[in-house]
Amino acid sequence: MSGVIQIPAGERGVIRLFALDMRPEQAAFLKEPGALAQVLGIKTLDMEQVEIFPVSDLEEIGLAGYLIEGCGVPRAQVEEDREMLQALDGHVLLVRSRAFGGEETRLTPAEQIVLKGTYGERQTNWSAAPATSESAKPYSAPKLSPREARSQARRIGAALFAIVMVLIALAVWAMVF
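Let me begin by describing the structure that accompanies this report. As the structure is a computational prediction, the values presented were derived from the model and not from experiment.

### Describing the side chain of Ser97
Next up, step 1: With respect to the helices and strands, Ser97 occurs in the loop between β4 (91-96) and β5 (105-107).
Next up, step 2: When its relative accessible area of 2% is taken as the criterion, Ser97 is described as buried.

### Considering the sheet that holds strand β6 (residues 113-120)
Next up, step 1: Overall, antiparallel pairing links the four strands, which are arranged β3-β4-β2-β6 in an open sheet. The open sheet has two edge strands with one neighbour each: β3 (50-54) and β6. When the angles between neighbouring strand axes are averaged without regard to direction, this sheet yields 20 degrees.
Next up, step 2: In this structure, strand β2 (residues 14-20) lies alongside β6, joined through seven bridges in antiparallel fashion. Each residue of the ladder has a partner; that of Phe18, found in β6, is Leu115.

### Here we look at unusual backbone geometry
Next up, step 1: Of note in the backbone geometry, Glu59 takes a positive phi value of approximately 45 degrees without being a glycine.
Next up, step 2: When you line up the elements, Glu59 lands in the loop between β3 and α3 (62-70).
Next up, step 3: We classify Glu59 as exposed; its relative accessible area is 60%.

### Considerations on the nonpolar core
Next up, step 1: If you look at the biggest cluster of nonpolar residues, it comprises 21 residues, and the most contacted ones within it are Leu45 and Leu93.
Next up, step 2: When contributions to this core are tallied by element, the ones reaching two or more residues are β1 (5-7), β2, α2 (35-40), β3, β4 and β6.
Next up, step 3: Broken down by element, this core gets its largest block of residues, three residues, from α2.
Next up, step 4: In this structure, Phe53, Leu67, Leu85 and Leu88 belong to the second largest nonpolar core, which totals 19 residues.

### Structural notes on α3
Next up, step 1: Looking only at α3, the buried set comprises Leu63, Ala64, Gly65, Tyr66, Leu67 and Ile68.
Next up, step 2: Buried residues along α3 sit in contact with β2, β3, α4 (75-80), α5 (82-87), β4 and β6.
Next up, step 3: At the exit of α3 stands Gly72, carrying a positive phi of roughly 75 degrees.

Analysis parameters
Residues numbered from 1 in each chain as written. Predicted model: local features only at pLDDT ≥ 70, side-chain atom pairs only at ≥ 80, totals over all residues. Heavy atoms only, no water. Helix = DSSP H or I, 4+ residues; strand = E, 2+ residues; numbered from the N terminus. Buried < 20%, exposed > 50% of the residue type's maximum accessible area, 1.4 Å probe, protein only. Pairing = 2+ DSSP bridges. Axes fitted to C-alpha atoms, helices over the stretch in contact; angles between N-to-C directions. Core = buried A, V, L, I, M, F, W, Y, C linked by side-chain atoms within 4.5 Å. Contact = heavy atoms within 4.5 Å.

Listed below in structure tokens is the structure:
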């Protein structure tokens, strides 16, 4: 999986896994501002949405476990690539689609950066049954008469005035003593 990688505008919830075929010093250098964007063939990249690390740092959990538990990739997607993920060593690069700022992007990675997999994060289900109760309808609260509304406003105003006066009195008392 190499060559040009098209990132569509508005893409969300996608994680791309790249193997870095380079020395550890070179992989560490990619964390410098602008370095990774340059080797991916783009102008800018949000480094908050990028991870570069050696696979050995994951110890027992492994790369497959990290994708499932740490990145929220569904287990079924990772199981398909488990053997390939276990065979990876050295440094890897994880790039979330948010790193591209929602813009259409065309990646042309250097030959040392090889795309190994594309994974979708678990999506939140925002659907819900419509609210049907009477109290959920707009403007369903009981309306106060104008006289009751003024009375309530006066009580609230008097309470706020009393609180402010007590605070001022406490401040004056604290300065005197």
